[in-house]
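# Fold and geometry: a report
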Amino acid sequence: MARFINRMLMAALVSVASASWAGDWPDAEPMSADQLEAASGRQGIPLHWQLNESEQNALVSGNVLSGPVKTGDNRISDQAFGNMSGIATVIQNTGNQVVIQDSTQINILINH
């Protein structure tokens, strides 16, 4: 599944790149599906150093739980992600008075 997503993402990037940057690179040709497949796993592409930082701060205070406290079931069924596409973030929580923070960073490196 990850390889399929990788191929689809690369194909989309090439499609967008060839459409929007054609004026910038008039001699550039879009890569074929075979070329994209051969380039998976960054083989033959030099390593680039990248540092990503994300700072999140949250505070839960002054909350009081009293009486019977109920939480719901936390279940994922067999086909929960069957029609998922793109990049998804899944967070599950079974507690009370919890702060959940999430961050997604997507880095795209296009070598030309």
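Anyway, here's the lowdown on the structure attached to this text. All values derive from a computational prediction rather than experimental measurement.

Parameters at a glance
Residues numbered from 1 in each chain as written. Predicted model: local features only at pLDDT ≥ 70, side-chain atom pairs only at ≥ 80, totals over all residues. Heavy atoms only, no water. Helix = DSSP H or I, 4+ residues; strand = E, 2+ residues; numbered from the N terminus. Areas by Shrake-Rupley, 256 points an atom, 1.4 Å probe, with all protein chains shown as cover. Buried < 20%, exposed > 50% of the residue type's maximum accessible area, 1.4 Å probe, protein only. Patch = residues over 30% accessible without salt bridge, like charges linked within 9 Å, V, L, I, M, F, W, Y side chains within 5 Å. Salt bridge = Lys/Arg side-chain N within 4 Å of Asp/Glu carboxyl O. Contact = heavy atoms within 4.5 Å.

### Structural notes on the overall build of the protein chain
When you go through the protein chain residue by residue, the secondary structure sums to 2 helices and 0 strands. For the protein chain, the computed accessible surface area is about 9,900 Å², with 51% contributed by carbon and sulfur atoms.

### Overview of unusual backbone geometry
In this structure, Gln-97 is a non-glycine residue whose phi angle is positive, near 55°. Position of Gln-97 among the secondary structure elements: in the segment after α2 (33–38). Residue Gln-97 is classed as partly exposed on the basis of its relative accessible area of 36%.

### Considering a nonpolar patch on the surface
A contiguous nonpolar surface patch, about 340 Å² in accessible area, is contributed by Ile-76, Phe-81, Met-84 and Val-90. Relative to the assigned elements, Val-90 resides in the segment after α2. Of the residues examined, Val-90 reaches a relative accessible area of 47% and is grouped as partly exposed.

### Remarks on the environment of Gln-101
With respect to the helices and strands, Gln-101 occurs in the segment after α2. Sequence separation between Gln-101 and Asn-57 is 44 residues, and the spatial gap between their C-alpha atoms is 8.4 Å. For Gln-101, the contacting residues outside a window of four places in its chain are Gln-56, Asn-57 and Ala-58.

### Quick word on the environment of Glu-53
Structurally, Glu-53 is set in the segment after α2. Remark: the alpha-carbon pair of Glu-53 and Gln-105, spanning 52 residues in sequence, is separated by 9.0 Å.

Interpretation in functional terms is not warranted from these geometric data alone.
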